[in-house]
Amino acid sequence: MLNPSLRPLSEGNTDEAHEFATEVLQGLSRPSKTLPCRFLYDARGSELFEKITRLPEYYPTRAETSILKAHAEEMAADVPDGGVLVEFGSGSSLKTELLLERLPRLRAYVPVDVSQSALADASQRLAARFPWLDVRPIVADFAYPVALPAHLAWRHRTGFFPGSTIGNLMPVQASRLLHVFRKVLSTGGRLIVGIDLKKDPGKLVRAYDDTAGVTATFNLNLLARINRELGGNFDLRAFKHRAVYNAREGRIEMHLVSLKDQSVRIRGRRIPFRAGESVHTENSYKYSVAQFQDLARSANWLPSRVWTDPCGLFSVHKLISA
Ligand code: AVJ
């Protein structure tokens, strides 16, 4: 064991399995069927998403990484010596290394994630690579305010939320999340947040419906997960992945479309599907720079700088807590 601080602290304790069952049955009982997108990311789903990030059609990860590589110096410039970097939904913390390389006088790094194993792996790797850094992982859902370890309480905080994860949320929920981050990061705190930009709908749809079918497998894994964990009997060949751009809402939508009239049993309940009926599984909102700045202002953040890649595919914003 390296350092006892690397053992992730746990906050809250949701009953995952029970919650999964309840929300699946609720979502599939609605007139327009839905399944919450956070359940896409079990171990298999996270592995498939990792594969998505390497697909030729899926530009966001590469575009954001190129922005971080080109501008990490400027992003790190006003993080004060002795400050703390808090990452929300840190996962494998790969992009974070690009910032940490530029922050030799950072005091502590606090990755927050629901996956205890991802946190433990990333924390060990970062502690080895940046030995001066106090790495303090917290197992928690970033949708709720987390308390930083007491010895870091008074230090300046910078938040990091890359990956366009905020695009999963409806704008009102995104605004609420930015309010929560303000609470965690305090007045004067900073937030560096990545968000995908609006662009040609054809390019967007191809990014979410790749020719190799990885995104289809990722989406269908949600049904496989219901079969595995809730004893469901979905026939995965009787549902088809569909990605559409909803221009009115400014979002990519992922759906699973029933290819025939059928019914499925889940936890002893029978759920009917008509041919062509769809289950809405995920949204990925796209923002112009001005739209995202308006969203930030709605949550009392002051837009500061914005960086984009040369092709204008993706944006990284720096916000200052008002
Ligand atoms: C992880 C939410 C950023 O919206 O681009 C990718 C999820 N879903 N392909 C995105 C996703 C299908 C991804 N985020």
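Residues numbered from 1 in each chain as written. Predicted model: local features only at pLDDT ≥ 70, side-chain atom pairs only at ≥ 80, totals over all residues. Heavy atoms only, no water.

A. Representation of the packing of aromatic side chains within the structure. Taken as a whole, this structure holds 16 aromatic pairs when the rule is applied. Ring geometry for Phe142 and Phe161: centres 5.2 Å apart, planes at 70°, overall edge-to-face. Highlighted residues: Phe142 in the loop between β5 (138-139) and β6 (157-161) and Phe161 in strand β6, separated in sequence by 19 residues. What makes Phe161 buried here is its relative accessible area of 1%. Each ring, one from Phe234 and one from Phe239, has its centre 5.4 Å from the other, and the planes form 75°; the classification is edge-to-face. Given the relative accessible area of 6%, Phe234 is considered buried. Three or more aromatic residues joined by ring pairs form one cluster here, namely Tyr41, Phe49, Tyr58, Tyr208 and Phe218. For Lys33, the ring lying beneath its charged end belongs to Phe273, and the centroid distance is 4.9 Å. In this structure, Arg225 is placed above the aromatic ring of Phe20, and the distance from its NZ or CZ to the ring centre is 4.4 Å. (Phe/Tyr/Trp six-rings, centres within 6.5 Å; stacked < 30°, edge-to-face > 60°. Helix = DSSP H or I, 4+ residues; strand = E, 2+ residues; numbered from the N terminus. Buried < 20%, exposed > 50% of the residue type's maximum accessible area, 1.4 Å probe, protein only. Lys NZ or Arg CZ within 6 Å of the ring centre and 35° of its normal.)

B. Seen up close, the environment of Arg274. Positionally, Arg274 belongs in the loop between β11 (269-273) and β12 (278-285). In this view, Arg274 contacts Ser258, Lys260 and Asp261; residues no more than four positions away in its chain are not counted. (Contact = heavy atoms within 4.5 Å.)

C. A look at the site of the ligand. Taken together, 13 residues form the shell around the ligand, and within it Tyr58, Gly163, Tyr208, Glu282 and Ser284 come nearest. At 2.7 Å, a side-chain N or O of Glu282 approaches a nitrogen atom of the ligand. A distance of 2.6 Å separates an oxygen atom of the ligand from a polar atom in the side chain of Ser284. Isolated, the ligand exposes 350 Å² of accessible area, and the fraction of that covered by the protein chains is 97%. Contributing elements (two or more residues each) for the shell around the ligand: α2 (43-52), α8 (214-230) and β12. In terms of residue class, the shell around the ligand is built from seven nonpolar, five polar and one charged. (Near = heavy atom within 4 Å. Polar contact = N/O pair within 3.5 Å; in protein donor to acceptor, adjacent residues only side chain to side chain. Areas by Shrake-Rupley, 256 points an atom, 1.4 Å probe, with all protein chains shown as cover. Nonpolar A, V, L, I, M, F, W, Y, C, P; charged D, E, K, R; others polar.)

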